[in-house]
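Below, each chain spelled out in residue letters.
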Amino acid sequence: MSERLYLYPIWLRIWHAINAFMFLVLLATGLSMQYSNPDLPLIRFDLAVQFHNIAGLIVTFNYLIFVAGNLATKNGNYYRLEIAKLYKDLSLQLEYYLIGVFKKRPTPFPINEKRKFNPLQKVTYVATMYGLMPVIIVTGLALLFPEIIIEKIFQSSGFFLTAILHTIVGFMLSLFLVIHVYFSTMGSSPTSNFKSMVNGYHEPH
Ligand code: HEM
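Just so we're clear, the structure is a prediction, and the values are computed from it rather than from any experiment. (Residues numbered from 1 in each chain as written. Predicted model: local features only at pLDDT ≥ 70, side-chain atom pairs only at ≥ 80, totals over all residues.)

Undergrad: It is not clear to me how the environment of Arg80 should be interpreted in this structure. Could you clarify?
TA: Residue position: Arg80 is located in the loop between α2 (45-72) and α3 (83-98). Distance in space between the C-alpha atoms of Arg80 and Lys122 is 8.2 Å, their sequence separation being 42 residues. (Helix = DSSP H or I, 4+ residues; strand = E, 2+ residues; numbered from the N terminus.)

Written out as structure tokens, the structure is:
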């Protein structure tokens, strides 16, 4: 059995806790604004708008901390993709999730000081944090300050396209959240990864 590794520094855990909580606020208020019957809203519409705007701004500032932290510390190294080996590594990890896990085979990419994420996790985190997050933040800020939006894009309303893009990426991030929490239960015990995000230590298998 390998030793416990300190993989989640305090700044990362604080970033993650704020991010996770604010995401739940954004999800509840976003869904309420999108689907509520105006006469019977899940959350009162004006309140939902206000909470959504505030949580969005907090997530935005918090995101800058994530990017700065990853640039300034070695945590950023865990997000470097090895493009040449990507296809092979992803196939191995997928096979493990589909078959190996149920046959109690050892994980093909055990966690160590140099490798915090398995390839599938890494691709998902990179796509989410450096792909989807910038899009949701920029479109969110544009909707908050609509005067910066280009009026017409290919004859269509720029505001409408921005709102559609914001909503689509919001749904993709919500999907990420569900999958993320589900896969987080696949640690050495169903709760070990959640404990790691509290005490900073990865529990080995
Ligand atoms: C209720 C909500 C959430 C829970 C319970 C949760 C749970 C966890 C857990 C247990 C880990 C540690 C396991 C691992 O390294 O993969 C983790 C890491 C991570 N989570 Fe979440 N998460 C939540 C929301 C989010 C959201 C909304 C995002 C981004 C939009 C996110 C992005 C990440 C990232 C990037 C890591 C890796 C951080 C690093 O070690 O560099 N999480 N999360």
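Undergrad: What's the story with unusual backbone geometry in this structure? I'm lost.
TA: Outside of glycine, negative phi angles account for most residues, and trans bonds account for most peptide bonds. Despite not being glycine, Phe154 has its phi angle at roughly 45°, a positive value. Tracing the backbone through its elements, the reader meets Phe154 in the loop between β2 (152-153) and β3 (156-157). With 6 C-beta atoms packed within 10 Å, Phe154 lands in the exposed category. Residue Gln155 is not a glycine yet carries a positive backbone phi of 70°. In this fold, Gln155 is placed in the loop between β2 and β3. (Buried ≥ 20, exposed ≤ 12 C-beta atoms within 10 Å, placed from the backbone.)

Undergrad: Help me understand the site of the ligand in this model?
TA: Looking at the ligand, there are 22 residues lining it, with Ala20, Phe23, Tyr125, Ser184 and Asn193 nearest. Elements represented by at least two residues in the shell around the ligand include exactly α1 (10-35), α4 (119-144), α5 (158-184) and α6 (192-199). Grouping the constituent residues of the shell around the ligand by class yields 12 nonpolar, nine polar and one charged. (Near = placed C-beta within 6 Å. Nonpolar A, V, L, I, M, F, W, Y, C, P; charged D, E, K, R; others polar.)

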